[in-house]
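Given next are the chains, with one letter for each unit.
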Amino acid sequence: MVFIMLATTGWTAVHRPEEVSPLRVAALSAWSKARIDGRPVPTADAPARTVARFFADLDGAQRARLADGYPLVVGNLDGTPAATRYRANLQGLEQARRVEEARSRDVALTPADRSTATRRSHRFASLAQPNRQIFAFDPTGNGRVAEVFGDLAGAERVSVIVPGVDTDVLTFERTQRRLTSPVGMAESLYGAQRAADPDSRTAVIAWAGYTAPTGIGVDAATGRMAVDGATLLKSLTAALPGDASVALFCHSYGSVVCGVAAHELPRRVTDVVVAGSPGMRTENVAGLHTSARVWATRDEGDWIADVPHLEVGGLGHGADPVSPAFGARLLSSARAKSHTGYFAPGTDSMDNFAKIGTGAFASVVCATGNDACRRGISGTEQD
């Protein structure tokens, strides 16, 4: 019955496996043989702590040589200093831009493929602007990318935007409907945090670092892509520099990723916030097995409320996170508009996100109109 419902409402897209980008394949091959002044480099899948120790022993010139020589590895290597990753990813973006520019003129390709290559070339050029802090970049498939706003190395609190369906390198930022993109969401949240507490040392990461479902299809109705995304999200949060606390802001299918990842997230992840969630693949907060505070919000006009909150045979994502029985801390989202309005300035949801991201829990506005969502948090009036 559930499958018939999904099929008849357009949930029919079929996943196609990605082929690893030739650029990335070549980069990994070269890295496997790399040495720096006679020292072998860590493997590309080495633990972040091993990578961090390796780079801590290098001087600035050595780090720069590795970033420039192996950008598509160093730029994605957890444990690498943020500044080194930024440098590497600018180089990797330029390499990928040249490939796409050549493809855009290749008459052997279809017009549609040439058009996509042109769009990707323009996107890579935009991301490679010198003032941008690109924390991860992989041109494989539809592309993966992450960008930092603020001083990540010096931050005391880090917020990570975990977006939902139709997120890839082309939709990572938008001119129209800016706040529906990870960059727009992150810029809005960072601006709200700075306005709420100018002295706070915060950073925000727009993270499109997993392969998201395309469209409202079968991939979006199952947890398979969320499982892969959860592994990458765990790696990201564990490898962030310093000892900053981390808050996850998970929108739509991104909340499925956060739900699957929850039980393995490091303790530095203190808050998981879900907005417009189809479910977190569990029946309640206890089922997430996390020490993090779990917050949830949904606008009254959000169409996601009409998606059945159940899980049968792998389809569906479980209980509704804003239902009282789920046990999340329910946030107000007043003035947010529909499924994509949660990060708009002036909404209760955006104000609440900024307060959570800066640790101002005592002034969070609860959906219930009382203090229920703030109870039990140190430093609030109710503690």
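Reading the values: the criteria
- Residues numbered from 1 in each chain as written.
- Predicted model: local features only at pLDDT ≥ 70, side-chain atom pairs only at ≥ 80, totals over all residues.
- Heavy atoms only, no water.
- Helix = DSSP H or I, 4+ residues; strand = E, 2+ residues; numbered from the N terminus.
- Rg over C-alpha atoms; globule rule 2.2 N^0.38 Å.
- Areas by Shrake-Rupley, 256 points an atom, 1.4 Å probe, with all protein chains shown as cover.
- Lys, Arg positive; Asp, Glu negative; His and termini not counted.
- Charge placed at Lys NZ, Arg CZ, Asp CG, Glu CD.
- Disulfide = S-S within 2.5 Å.
- Buried < 20%, exposed > 50% of the residue type's maximum accessible area, 1.4 Å probe, protein only.
- Core = buried A, V, L, I, M, F, W, Y, C linked by side-chain atoms within 4.5 Å.
- Contact = heavy atoms within 4.5 Å.
- pLDDT = per-residue confidence, 0-100.
- Salt bridge = Lys/Arg side-chain N within 4 Å of Asp/Glu carboxyl O.
- Pairing = 2+ DSSP bridges.

The number of helices and strands found in the chain is 12 helices and 10 strands. Over its C-alpha atoms the chain spans a radius of gyration of 21 Å, differing by no more than 12% from the 21 Å that the globule rule assigns to 383 residues. Over its C-alpha atoms, taken along the principal directions, the chain stretches across nearly 60 × 50 × 35 Å. With the model as given, the accessible surface of the chain reaches about 16700 Å², and the carbon-plus-sulfur share is 52%. Between the averaged position of the 40 positive side-chain charges in the chain and that of its 40 negative side-chain charges there is a distance of 4 Å.

Quick look at the state of the cysteines now. Scanning all chains against the criterion turns up two disulfides. Here Cys250 is linked by a disulfide to Cys258, with a sulfur-sulfur distance of 2.1 Å. Here the S-S torsion is close to -90°, and the disulfide linking Cys250 with Cys258 is therefore left-handed. Residue classification places Cys258 among the buried positions, given a relative accessible area of 0%. Each sulfur of the disulfide joining Cys366 and Cys373 lies 2.0 Å from the other. Note on the Cys366 and Cys373 pair: the S-S dihedral is about -85°, so by sign convention the disulfide is left-handed. Relative accessible area serves as the criterion here: at 4%, Cys366 is assigned to the buried category. By sequence-ordered numbering of the bonded cysteines, the chain has its disulfides arranged as 1-2, 3-4.

Once that is clear, we can look at the nonpolar core. The biggest cluster of nonpolar side chains holds 55 residues, and the ones touching the most others in it are Leu66, Phe249, Trp295 and Phe353. Ranked by residues supplied to this core, first place goes to helix H8 (residues 182–196) with five residues. Sequence-distant contacts of Trp295, that is, excluding residues within four places in its chain, are made with Asp271, Val272, Val273, Val274, Ala328, Arg329, Leu331, Ile356, Phe361, Val364, Cys373 and Ile377. Counting 47 residues, the second-largest nonpolar core is a separate cluster that includes Ala136, Met225, Ala261 and Ala328.

Caution applies to low-pLDDT regions: their predicted coordinates should not be interpreted in detail. Mean pLDDT over the chain works out to 91, with 92% of the residues at or above the 70 mark. Low pLDDT (under 50) marks residues 1–17, which in the prediction has 29 contacts with non-local residues, meaning those over four places away or in another chain.

Let us look at the pattern of salt bridges. For the structure shown, the criterion picks out 18 salt bridges. Its salt-bridge partner being Arg65, residue Asp37 comes within 3.2 Å of it at the nearest N-O pair. Residue Asp37 is located in the loop between strand E1 (35–36) and strand E2 (39–40), and its partner Arg65 is located in helix H4 (residues 60–69); the two are separated by 28 residues in the primary sequence. Arg375 is the partner of Asp371 in a salt bridge, and the nearest nitrogen-oxygen pair spans 2.9 Å.

This part is about the sheet that holds strand E6 (residues 202–208). The mixed open sheet is built from eight strands, whose spatial order is E3-E4-E6-E5-E7-E8-E9-E10. Every other strand in the sheet has two partners, leaving strand E3 (134–138) and strand E10 (329–330) as the edge strands with one partner each. Where strand E8 (residues 269–275) lies against strand E9 (residues 293–297), five bridges are found, and the strand directions are parallel. Each bridged residue has a counterpart across the sheet, and for Ala275 the counterpart in E9 is Thr297.

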